[in-house]
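A look at the structure
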Amino acid sequence: MTGPPTAGSAAFELVLHHRYANGEPHDLSGNGNLGFGASRRVPGRQAPASAAAFDGATDRVYVPPSPTLTRPGGIRAELVVKLDELGQRRTLIEGYLSFAFGVERDGSLGGSIYRAMVWNGMVSRPGLVPLHTWITVTFQYTADGVLALALDGEPVAASYRQLGDAHGVAWPFGLSIGAWPDGDQRVWKGSIEEVMVWRSPQ
């Protein structure tokens with residue numbers, strides 16, 4: 001994982017950090033944003049690390065809304081993942097009525113935020129995301145309007161939108177890792193080893 005991100009002169013605050021080395025819900029950030037679900041484990045990038053397996057149908061990790069997730073502002077999400085199959089949009093992480101980050105059916109990386117009842121986002125070039133390969137993917141939106149995507153630390157797309165603060169993650173569906181929050185759709189097919197989420201500080 002990369003170091004702490006910044007948004008202008010204001011540092012982000014780490015609010016969630018999951019490593020799926022075992023089946024116990026946990027949050028290494030100390031904020032109590034526990035993840036529930038996707039309990040099947042597979043090998044990770046390097047032994048003895050393990051990762052959560054996602055079947056492309058029903059697997060997900062659910063994180064209930066909390067004060068650190070529901071507050072508005074900038075957002076950054078970074079995940080260590082391996083994708084095994086395209087065929088549809090594959091969700092990396094999505095905060096209900098807040099932000100979405102995933103891989104499109106053409107292999108592009110896409111990220112967006114929800115503002116004024118509209119999803120505003122961008123995508124990388126098609127075919128960017130490799131199959132059967134461990135990668136680190138990053139989505140960032142700063143409160144001053146910069147959207148950015150990166151793969152293995154290298155920028156792959158950026159844009160500027162004067163949208164203001166990203167909404168906080170909303171009830172009832174909260175934060176969903178590896179699946180669309182509203183139902184068993186757009187489910188990740190592959191493995192996720194680590195997830196980190198930052199938000200603008202209060």
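The coordinates are above.
These lines cover the structure that appears in this document, whether it is placed above or below. (Residues numbered from 1 in each chain as written. Predicted model: local features only at pLDDT ≥ 70, side-chain atom pairs only at ≥ 80, totals over all residues. Heavy atoms only, no water.)

1. A short note on the sheet that holds strand β10 (residues 109-115)
Definition in use: Being paired, for any two strands, means DSSP has found at least two bridges between them. In DSSP terms, a helix is any run of H or I states spanning at least four residues, a strand is any run of E spanning at least two, and both are numbered starting from the N terminus. Here, axes are lines fitted to C-alpha atoms. For helices the fit covers the stretch in contact, and angles between N-to-C directions go from 0 to 180 degrees.
In spatial order, the strands read β6-β15-β8-β9-β10-β11; together these six strands make up an open sheet with antiparallel pairing. At either end of the open sheet lies a strand with only one pairing partner, and these are β6 (61-63) and β11 (118-123). In this sheet, adjacent strand axes meet at a mean angle of 20° when their direction is disregarded. Pairing between β6 and strand β15 (residues 175-177): three bridges, direction antiparallel. Bridging from a neighbouring strand, valine 61 pairs with isoleucine 177 of β15.

2. What about the nonpolar core?
Which entries qualify depends on this criterion: Nonpolar core, defined: a set of buried Ala, Val, Leu, Ile, Met, Phe, Trp, Tyr and Cys residues in which side-chain atoms within 4.5 Å join the residues together. Relative accessible area decides the class of each residue, using a 1.4 Å probe on protein chains only: under 20% of the type maximum gives buried, over 50% gives exposed, and in between gives partly exposed.
Residues Leu79 and Ile93 are the most contacted members of the largest nonpolar core, which totals 41 residues. In terms of residue count, the dominant contributor to this core is strand β7 (residues 75-83) (five residues).

3. Considering the side chain of histidine 26
We apply this condition: N or O atoms closer than or at 3.5 Å make up a polar contact, with two conditions inside protein: a donor-capable atom paired with an acceptor-capable one, and, for residues adjacent in sequence, both atoms drawn from side chains.
Mapped onto the elements of the fold, histidine 26 is located in the loop between β3 (13-19) and β4 (41-43). Judged by its relative accessible area of 17%, histidine 26 falls in the buried class. One polar contact links the side chain of histidine 26 to the main-chain carbonyl oxygen of arginine 19, over a distance of 2.6 Å. A polar atom in the side chain of histidine 26 sits 2.9 Å from the backbone oxygen of glutamate 24.

4. Looking at the environment of leucine 14
Residue position: leucine 14 is located in strand β3. Leucine 14 sits in the partly exposed class, given a relative accessible area of 27%. Spatially, the C-alpha atom of leucine 14 lies 26 Å from that of valine 129, the residues being 115 residues apart in sequence.

5. A few points about the packing of aromatic side chains
The cut-off we apply is this: Aromatic pairing here means that ring centres of Phe, Tyr or Trp (its six-membered ring) are within 6.5 Å. Orientation follows from the plane angle: under 30 degrees is stacked, over 60 is edge-to-face, and everything else is tilted. As a reminder, the over-ring test applies to NZ of lysine and CZ of arginine, requiring each to be within 6 Å of the ring centre and within 35 degrees of the ring normal.
Taken as a whole and assessed by the stated rule, the structure comprises four aromatic pairs. Ring centres of phenylalanine 99 and phenylalanine 139 lie 6.2 Å apart, and the angle between their planes is 5°; this geometry places the pair in the stacked category. Taken together, the positions of phenylalanine 99 in strand β9 (residues 99-103) and phenylalanine 139 in strand β12 (residues 134-141) put the pair 40 residues apart, joining distant regions of the chain. On the basis of relative accessible area, phenylalanine 99 is assigned to the buried category, the value being 1%. Its relative accessible area of 0% is what places phenylalanine 139 among the buried residues. Put simply, the rings of Phe99, Phe101 and Phe139 pair up and form one aromatic cluster. For arginine 76, the ring lying beneath its charged end belongs to tryptophan 198, and the centroid distance is 5.3 Å. Directly above the ring of tryptophan 180 sits arginine 186, whose terminal nitrogen or CZ lies 4.7 Å from the centroid.

By themselves, these observations are geometric and do not establish any function.
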